[in-house]
Amino acid sequence: MTAPIALFDVKAQQALIRPELDRRIAAVLDSGRFINGPEVGEFEERLAAFAGCAHAVGVSSGTDALQIAMMAEGVGRGDAVFLPAFTYTATAEVPLVLGATPVFVDVEAETFNIDIADLERRIALVKKDGRLRPRAVVGVDLFGLPADWQAIEAICAREGMFALDDAAQAFGAALHGKRLGRWGHAAALSFYPTKTLGAYGDGGALLTDDAARADLYRSLRTHGEGKTRYEVERTGMNGRLDTIQATILLAKMGLLEGELAQRRRVGAAYDAALSGRVGVQRNPTGAENAYGLYTIRLPEAATRARVQAALGEAKIGCGIYYPKALHHQPAYAAHHAASVAGGPPALPVSEALCHQVLSLPMHPYMSEADAARAAAAVLAAL
Ligand SMILES: *Cc1c(COP(=O)(O)O)cnc(C)c1O
């Protein structure tokens, strides 16, 4: 009887750091400083050092990180925010909450990340249409693979747009030797438990090299407070990172480098077994994938259903990220249709991927042999 292989494992790590976790959590309980304890600032320093960026601001979730970043730019009514149609819902939700309009961009068939030619085309369409002002691009580093940040930065510089990196799935990834957090004007991280750096609850952060933006983020996460606590300088929100989550994240930071290395080994084992047989996410030159997920592309929905059933039979976890493109979601479809006069162009790659992708077990507490076994089960079911 072979052991099951889980899609994620958010508990194995605890055994390595349990005494430190217990000690740290007890220290917060003893201090009573549950909000804005010193551990939050300590964690922010460790985080910025890890990414190699100047500032890290801890916030309450990845979604709130995206929202605070856009609030700081004044994104709102009349603004077009360009983002991929094939991503998690939070990326599109935030511009809508702020009254802006998401403009969905197709993704590349090989990297699953935003298609730069399609981005250019849709920016030109929005400009020609004239009703919305191109304001921001949210690049998502899907499944841990950095988007084409050189191209996104160049487009945003040319158009005077804000470049926001939704790095929620990709903390630890790098592009041309620079870790995420230093690409775009700012990067949003999520510490949802299954992400590459996960808390035991919700949490997130904003990374930036820009001191003025970091100051704004700190103000916005605390109700827009000014120099003194009861001076409200701008409309903000309650978006702080809890002290307990910060101290848990501090305990985990020491393991992160080794965990990322193991994720890369597992990713390489999958690539070796699967490339040429099924579609695998291609790592472009200079991109270092953090492997938040390992996702394959199968020829069609029927094959995927067969592979899913076979993996289920073998007690090997799998999941579909994502089954529906965002422009087809009931909450977003009408906004999408109205975003460009006469209706925006189709998003064929995003739509096709939703029927074809399948994510396989990926976490740092599995072995290359586990990956080989999962891959063999996939191939046997084709
Ligand atoms: C997880 C995720 C988010 C949201 O993060 P939360 O911490 O759950 O709010 C945003 N964008 C992407 C791409 C994600 O995967």
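If you're wondering where the values come from, they're calculated on a predicted model, not measured in any experiment.

Draft legend 1. Structural view of the packing of helix 5 (residues 116-129) against helix 6 (residues 149-159). Where helix 5 contacts helix 6, the two axes come as close as 11 Å, and the packing angle between them is 20°. Here helix 5 lies roughly parallel to helix 6, going by the angle between them. Judged by the twist between their axes, the crossing of helix 5 over helix 6 is right-handed. Judged by residue contacts, I116, L119, E120, I123 and K127 of helix 5 engage A151, I152, I155, R158 and E159 from helix 6. A breakdown of the residues in the contact of helix 5 with helix 6 according to their chemical character gives six nonpolar, no polar and four charged.

Draft legend 2. Region of interest: the nonpolar core. Judged by nonpolar contacts, the single largest core of 52 residues is most densely connected at F43, L47 and F82. The set of elements that each furnish at least two residues to this core consists of helix 2 (38-51), strand 2 (79-84), strand 3 (101-105), helix 5, helix 6, strand 8 (186-190), strand 9 (204-208) and helix 8 (243-274). Residues from two domains meet in this core; each of domain 1 (11-253) and domain 2 (256-381) gives at least three.

Draft legend 3. Focus on the domain arrangement of the protein chain. What the domain assignment reports for the protein chain is domain 1 (11-253) and domain 2 (256-381). Look at where the C-alpha atoms of domain 1 and domain 2 centre, and you get two points 23 Å apart. Contact residues are listed per partner, giving 54 residues for domain 1 and 44 residues for domain 2. For the interface between domain 1 and domain 2, the tally reads two salt bridges.

Draft legend 4. The pairing of strand 12 (residues 294-297), seen in detail. With two bridges connecting them, strand 10 (residues 279-280) and strand 12 associate as antiparallel partners. Bridge pairing links G279 to R297 in strand 12. Two strands pair when backbone bridges link them, and strand 12 and strand 13 (residues 357-360) are joined in this way by four bridges, in the antiparallel orientation. Considered in strand 13, the bridge of T295 is made with S359.

Draft legend 5. Summary view of the site of the ligand. In the neighbourhood of the ligand, 14 residues make up the surrounding shell, with G62, T63, D166, S190 and K195 lying closest. Between the ligand and D166, the relevant distance is 2.8 Å, taken from a nitrogen atom to a side-chain nitrogen or oxygen of the residue. S190 has a polar side-chain atom sitting 2.6 Å from an oxygen atom of the ligand. Burial of the ligand by the protein amounts to 93% of the accessible area it has alone, namely 380 Å². Among the cavities detected, the one that contains the ligand is the largest pocket. Only helix 3 (62-72) and helix 4 (90-97) provide two or more residues apiece to the shell around the ligand.

Conventions adopted
- Residues numbered from 1 in each chain as written.
- Predicted model: local features only at pLDDT ≥ 70, side-chain atom pairs only at ≥ 80, totals over all residues.
- Heavy atoms only, no water.
- Axes fitted to C-alpha atoms, helices over the stretch in contact; angles between N-to-C directions.
- Helix = DSSP H or I, 4+ residues; strand = E, 2+ residues; numbered from the N terminus.
- Parallel < 35°, antiparallel > 145°, perpendicular 65-115°, else oblique.
- Left-handed = near helix turned anticlockwise from the far one by under 90°.
- Contact = heavy atoms within 4.5 Å.
- Nonpolar A, V, L, I, M, F, W, Y, C, P; charged D, E, K, R; others polar.
- Core = buried A, V, L, I, M, F, W, Y, C linked by side-chain atoms within 4.5 Å.
- Buried < 20%, exposed > 50% of the residue type's maximum accessible area, 1.4 Å probe, protein only.
- Domains from an automatic or database assignment.
- Salt bridge = Lys/Arg side-chain N within 4 Å of Asp/Glu carboxyl O.
- Pairing = 2+ DSSP bridges.
- Near = heavy atom within 4 Å.
- Polar contact = N/O pair within 3.5 Å; in protein donor to acceptor, adjacent residues only side chain to side chain.
- Areas by Shrake-Rupley, 256 points an atom, 1.4 Å probe, with all protein chains shown as cover.
- 1 Å grid on protein atoms, 1.4 Å probe; cavity = no way out; pocket = protein on both sides within 12 Å on 5 of 7 lines; lining within 4 Å.
- Sits in = over half its atoms within 2 Å of the grid points.

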